[in-house]
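# Per-entry structural report
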Amino acid sequence: MRRLFPVTDETAAPGGRSGTSGGGRGGPGGGGGEDGAGREWSLAELAAAYAYPEAGAGSGPGGGREPWLRANMVSTLDGAAQHEGRSQPISCPADMRIFGTLRALADVVLVGAETVRQEGYRPARARAEFAAAREAAGQGPAAAVAVVSASLDLDFSLPLFASPLVPTLILTGSAAPQDRVAAAEAAGVRVVTAGEGAGVDPGRAVRALAERGYTRLLTEGGPRLLGQLVAAGVLDELCLTVAPMLTAGDAQRIAGGPAVTLPRRFTLKSMLEEDGFLFTRYARP
């Protein structure tokens, strides 16, 4: 893996890389070794590259932090966020390492109900490599998962709900079916009302999670949920993997739903590359 942006003395050095997977001894600072041989970045290096913004001193699980919502998505060159309904076919091992790192840095993973069904979501797991860092940051052993669902049409016998390391949450509206709310709570799920009527208000959802100490927020979509977050103006950061693939077809983009009135411009913060995959990180100005 190599860093393409921001450019440093090492990334800009002639002969900094040859071959396809880059990296060398430069690590997160960029650059390859003398022979340009690539190497896989360690989890610690990836964690440093994707660290959440610094926060002031505080108390409680969130450490007094303001909530920061990042999204992690993958897209092909022609804009497909999925192939045959799933993101796995357009991913790669480096993308999955970053996926796992972003989960390990987060307090909570926000995900839409349809994505839970399509992708076969399971609970986040504790990882020994991140245990000390999470404890030092005042975090639990693993990120919680918060599912956005109006109908609560979910199988509560699945491991995500029945046996998570950290209790799973469901964000729903005040008009959610009460029998489904009761079924979720009976399964040990924490149901949080974050909207009037059937739907969830994105801003209210972010606030509700922050009030519970979840301030390092990560969403993995799907496209409908991400579109709602974009439209509501609550997305702070997008980590987008660009896969060197063309799929054609009518697959969804990474964000769906109605267009925003004015396009929102984000600033490029970093770009990594491995085997032709680009790992970009954009944040609001």
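Residues numbered from 1 in each chain as written. Predicted model: local features only at pLDDT ≥ 70, side-chain atom pairs only at ≥ 80, totals over all residues. Heavy atoms only, no water.

## What to know about the overall build of the protein chain
Within the protein chain, the regular secondary structure consists of nine helices and 10 strands. Taken as a whole, the protein chain presents about 13,500 Å² of accessible surface, with 54% of it coming from carbon and sulfur. (Helix = DSSP H or I, 4+ residues; strand = E, 2+ residues; numbered from the N terminus. Areas by Shrake-Rupley, 256 points an atom, 1.4 Å probe, with all protein chains shown as cover.)

## Quick notes on the confidence of the model for the protein chain
On average, residues of the protein chain score 87 in pLDDT, and 86% of them are at 70 or above. With pLDDT under 50 throughout, residues 29-37 is counted as low confidence; its partners more than four residues away or in other chains account for 32 contacts. (pLDDT = per-residue confidence, 0-100. Contact = heavy atoms within 4.5 Å.)

## Observations regarding the packing of aromatic side chains
For the coordinates displayed, the defined rule picks out two aromatic pairs. For the pair phenylalanine 156 and phenylalanine 161, a centre-to-centre distance of 5.3 Å together with 85° between the ring planes defines the contact as edge-to-face. When its relative accessible area of 10% is taken as the criterion, phenylalanine 156 is described as buried. One cation-aromatic arrangement involves arginine 70 over tyrosine 52; the distance from NZ or CZ to the ring centre is 4.1 Å. (Phe/Tyr/Trp six-rings, centres within 6.5 Å; stacked < 30°, edge-to-face > 60°. Buried < 20%, exposed > 50% of the residue type's maximum accessible area, 1.4 Å probe, protein only. Lys NZ or Arg CZ within 6 Å of the ring centre and 35° of its normal.)

## Some words on helix α8 (residues 202-211)
When we look at burial in α8, the residues that qualify are Pro202, Gly203, Ala205, Val206, Ala208 and Leu209. Directly after α8, the chain includes glycine 213, whose backbone phi takes a positive value near 90°.

## Side note on the sheet that holds strand β2 (residues 68-76)
Reading across the sheet, the 10 strands line up as β1-β9-β10-β8-β2-β7-β3-β4-β5-β6 and stay open at both edges, with mixed pairing between neighbours. Two strands close off the open sheet at either side, each with one partner strand: β1 (2-5) and β6 (190-193). The mean inter-strand angle of the sheet, taken between neighbouring strand axes irrespective of direction, is 25°. In the sheet, strand β4 (residues 144-148) pairs with strand β5 (residues 169-172) via three bridges, with the strands oriented parallel. Residue pairing across strands places valine 148 opposite leucine 171, the latter belonging to β5. Across the face of the sheet, α8 comes into contact with β2, β3 (108-112), β4, β5, β6 and β7 (216-219) while running at roughly 145° to β5. (Pairing = 2+ DSSP bridges. Axes fitted to C-alpha atoms, helices over the stretch in contact; angles between N-to-C directions.)

## Here we look at the environment of threonine 261
Its location among the elements puts threonine 261 in the loop between β8 (237-243) and β9 (267-274). The spacing of threonine 261 and alanine 231 is 30 residues in sequence and 8.7 Å in space, taken between C-alpha atoms.

## A short note on the environment of valine 189
Within the secondary structure, valine 189 sits in the loop between α7 (178-186) and β6. Between the alpha carbons of valine 189 and leucine 160 there is a distance of 9.5 Å; along the sequence they are 29 residues apart. Look past the residues within four positions of valine 189 in its chain and what remains in contact with it is Phe156, Phe161, Thr168, Leu169, Ile170 and Ala184.

## Observations concerning the pattern of salt bridges
Applying the stated criterion across every chain yields a total of 11 salt bridges. In this structure, glutamate 220 and arginine 103 form a salt bridge, with 3.0 Å as the shortest nitrogen-oxygen distance. Here arginine 103 lies in helix α3 (residues 93-105) and glutamate 220 lies in the loop between β7 and α9 (223-232), a separation of 117 residues in the sequence. On the basis of relative accessibility, which here comes to 8%, the residue glutamate 220 falls in the buried class. On the accessibility criterion, arginine 103 (14% relative accessible area) is buried. Between glutamate 237 and arginine 281 there is a salt bridge, with its nearest N and O atoms 2.6 Å apart. Of this pair, glutamate 237 sits in strand β8 while arginine 281 is found in strand β10 (residues 277-283), placing the two residues 44 residues apart along the sequence. Among the ionic contacts, a cluster of salt bridges with common partners joins Glu40, Arg97 and Glu274. (Salt bridge = Lys/Arg side-chain N within 4 Å of Asp/Glu carboxyl O.)

## Concerning the side chain of serine 91
Assignment of secondary structure puts serine 91 in the loop between β2 and α3. Overall, serine 91 belongs to the buried group, its relative accessible area being 13%. A distance of 2.6 Å separates a polar atom in the side chain of serine 91 from a polar atom in the side chain of aspartate 95. Those residues in contact with serine 91 that sit more than four places away from it in its chain are Met96, Met245 and Phe277. (Polar contact = N/O pair within 3.5 Å; in protein donor to acceptor, adjacent residues only side chain to side chain.)

## Looking at the environment of leucine 169
Considering the arrangement of structural elements, one finds leucine 169 in strand β5. Classification of leucine 169 as buried rests on a relative accessible area of 1%. Once the C-alpha coordinates of leucine 169 and valine 109 are considered, the two residues, 60 residues apart in sequence, prove to be 9.9 Å apart. Look past the residues within four positions of leucine 169 in its chain and what remains in contact with it is Ala144, Val145, Ala146, Val147, Val189, Arg190, Val192, Leu209, Arg212 and Tyr214.

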